[in-house]
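One-letter residues, chain by chain:
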Amino acid sequence: MPVPAHDMTDTPIHYRLAPIDLAGHRCEVTLTIDNPAPDGQIVSLPAWIPGSYLIREFARQIERIEARCGRRKVALTKLDKHSWHAAPCRGALTITCVIYAWDLSVRAAHLDETHGFFNGTSLFLRVHGQEHLPCLLELVEPDSRQIAHGPWRVYTSLPEARGVAGAARRHGFGLYRAPDYDALLDHPIEMGTPQVASFTAHGAEHEMVFTGIVPGLDLARIVSDCQRICEAQIAFFEPRTRRAPFLDSAERYVFMTLVTGDGYGGLEHRASTALMTSRNDLPVIGNPEQTDGYRGFLGLVSHEYFHTWNVKRIKPAAFAPYDLARENYTRLLWVFEGFTSFYDDVFLLRAGVIDRKAYLKLLARTVAAVERGPGRLKQSVAESSFDAWSRYYRQDENSPNAIVSYYTKGSLAALGLDITIRNGSAGKRSLDDVMRLMWRTYGRDFYQGRMQGVAEHEFAELILEATGVDASEFIARYVDGREDVPVRELLATQGIRTQPAKPGLSPSLDVRLRAQGSDVVLATVYEGGAAHRGGLSALDVLLAIDGLRVGTPAAVDALLARYRPGQIVRIHAFRRDELREYRVRLAEPAEGEPVFFAG
Ligand SMILES: [Zn+2]
């Protein structure tokens with residue numbers, strides 16, 4: 001039902017989202033600007049979505065766009081790949097877009113007869129010069145003949161437009177309200193018929209929404225585990241008040257999870273998160289086993305929830321505010337992603353969801369992942385942060401040789417700083433104190449008009465202020481420099497010992513293999529390794545070793561187990577469609593994960 005215009009006079013910008021063609025994945029978004037700029041109004045769609053540092057050019061999914069001034073059509077001139085200029089209009093200017101929404105990820109929009117998932121960055125044009133103004137969003141229910149099951153309900157942390165005619169009720173279609181454009185973009189919307197559960201953590205409401213077919217989903221178990229994680233994190237940042245951070249923007253926090261066969265990922269928002277997970281990773285009613293997959297799902301929940309503080313409110317200065325038209329460069333993603341990766345597992349432990357042994361196993365896996373990549377010796381985590389846009393988010397077959405992950409090495413830097421601070425303060429201080437200082441200084445009032453972020457070179461000073469420990473040498477060597485964080489030595493000071501990795505059984509080609517149809521492809525050839533020295537290249541198709549066909553990565557391993565390191569094998573491979581032959585001297589078996597244990 002259309003909403004009468006006179007009800008919306010205090011909010012001069014209105015958006016209307018209507019799913020119009022579910023089978024064709026199209027929605028119509030109408031933007032009405034009550035007071036367009038007198039010399040013509042510029043509008044644009046973001047080029048990227050905060051939290052995912054890649055230029056995605058969402059405007060390429062706009063199929064049709066037109067502008068009207070009252071009933072009159074007005075000229076719309078395209079200025080660049082994502083901006084338009086509407087000719088001057090006295091009175092309200094209306095811009096209507098038809099947008100294609102068929103991106104199965106947490107980053108864009110996805111619509112079919114079973115559900116709709118929408119990020120504002122894919123839908124809502126920015127009104128240049130009026131970004132600070134409040135706006136209304138009307139969500140329109142799809143035609144019941146187009147949906148598979150109904151009725152659909154709405155799940156979002158965006159507040160309903162209370163007190164306005166046509167306001168949505170909780171989970172309903174109708175009007176929602178955002179205090180400004182930045183907020184409008186930061187509350188994604190799920191609509192459909194998902195499985196839903198809710199809980200409170202220190203009095204604050206949380207909702208868990210699972211879209212996709214999941215038989216036997218053990219919601220009660222998920223709720224119980226997630227509640228413990230959320231309570232532990234809230235008490236960590238606000239030990240005295242235990243106030244949840246999102247209450248500055250919303251009444252509740254929403255976990256919206258899209259369940260698929262093999263998905264994994266998440267994107268953080270100020271009062272919600274969009275997750276993707278594999279069906280097989282979710283617990284089944286009646287089976288209390290804690291699988292690796294379920295631990296991974298809980299780690300994802302913990303990670304995205306920690307971002308509610310660390311990156312959604314404590315931010316690098318480069319993100320305060322975001323410039324959504326272009327890359328926003330910062331050398332600090334090792335803090336915002338790396339520390340979040342460190343604390344996601346730490347909070348599984350502190351919440352009692354996993355035990356110490358399981359935690360040390362996760363840590364060992366991270367250490368092994370970092371040490372496997374020769375790229376860590378070529379790029380620092382500060383450089384990796386800066387280059388996220390062109391390198392970390394655009395990985396190829398050579399990435400392990402060329403770059404380091406600010407997630408994994410960033411989390412080891414966090415661990416190293418934590419232990420360095422503990423040792424330097426006779427156990428009185430830790431990285432926790434640094435997080436809480438950043439929260440008080442930058443995070444707590446971020447959306448209350450104190451929009452200020454952490455400066456690029458401020459981090460050592462923050463540590464000194466919070467703990468009295470000078471970590472500048474640590475940062476120079478392991479963050480700005482490319483040295484390996486001495487994890488084993490540092491853990492030993494905390495009474496945690498290390499057993500060397502148990503090597504695998506088969507001598508190694510020093511490659512990462514990938515099955516591709518019935519072929520085995522060299523996904524990565526590690527620099528300086530056996531295959532590299534023998535002349536093989538990434539993307540070569542491995543056919544036979546000493547004349548024996550290899551059909552799967554497991555078959556390669558099984559065959560190599562018949563050899564010893566140092567032996568030379570004859571390898572046939574296709575490069576493009578040309579058959580080649582190489583002689584490769586086999587290397588020592590690849591190192592497995594180290595084992596960390598207390599005592
Ligand atoms: Zn993250």
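Residues numbered from 1 in each chain as written. Predicted model: local features only at pLDDT ≥ 70, side-chain atom pairs only at ≥ 80, totals over all residues. Heavy atoms only, no water.

## Description of unusual backbone geometry
At the junction of G150 and P151, the peptide bond is cis and its omega measures out at -5° in the coordinates. Structurally, P151 is set in the loop between β12 (135-139) and β13 (153-156). Look at the link from A320 to P321: it is a cis peptide, with omega at 0°. Along the polypeptide, P321 turns up in the loop between α4 (292-306) and α5 (333-350). Even without glycine at this site, R242 takes up a positive phi of about 55°. (Helix = DSSP H or I, 4+ residues; strand = E, 2+ residues; numbered from the N terminus.)

## A word on the packing of aromatic side chains
According to the stated counting rule, one finds 37 aromatic pairs in the structure shown. Aromatic side chains F255 and Y305 sit 5.9 Å apart centroid to centroid with 25° between the ring planes, which places their arrangement in the stacked category. Here F255 is found in strand β18 (residues 252-260), whereas its partner Y305 is found in helix α4, with 50 residues between them in sequence. You'll find F255 and Y305 in the same group, each marked buried. Among the aromatic residues, those joined into a ring-pair cluster are F236, F237, F246, Y253, F255, Y305, F306, W309, F342, Y343, F347 and W439. (Phe/Tyr/Trp six-rings, centres within 6.5 Å; stacked < 30°, edge-to-face > 60°. Buried < 20%, exposed > 50% of the residue type's maximum accessible area, 1.4 Å probe, protein only.)

## Side note on the coordination of the zinc ion
Looking at the zinc ion, one finds its protein donor set to be H303 (NE2), H307 (NE2) and E337 (OE), positioned 2.0 to 2.1 Å from the metal centre. All donors of the zinc ion belong to a single chain; written as a sequence motif, their spacing is H-x3-H-x29-E. With a gap of 30 residues between them, H307 in the loop between α4 and α5 and E337 in helix α5 connect regions that are remote in the sequence. The exposure class of H307 is buried, given its relative accessible area of 0%. When its relative accessible area of 1% is taken as the criterion, E337 is described as buried. (Donors = N, O, S within 2.8 Å, 3.2 Å for Na, K, Ca; no water.)

## Things to note about helix α12 (residues 472-479)
Three or more residues of α12 are buried, namely F474, I475, Y478 and V479. Looking down the long axis of α12, one finds its buried residues gathered within 95° of arc, a one-sided arrangement. Buried residues along α12 sit against α5, α7 (381-386), α9 (408-424), α11 (459-467) and α13 (487-492). (Arc of directions from axis to C-beta. Contact = heavy atoms within 4.5 Å.)

These figures capture arrangement, not role.
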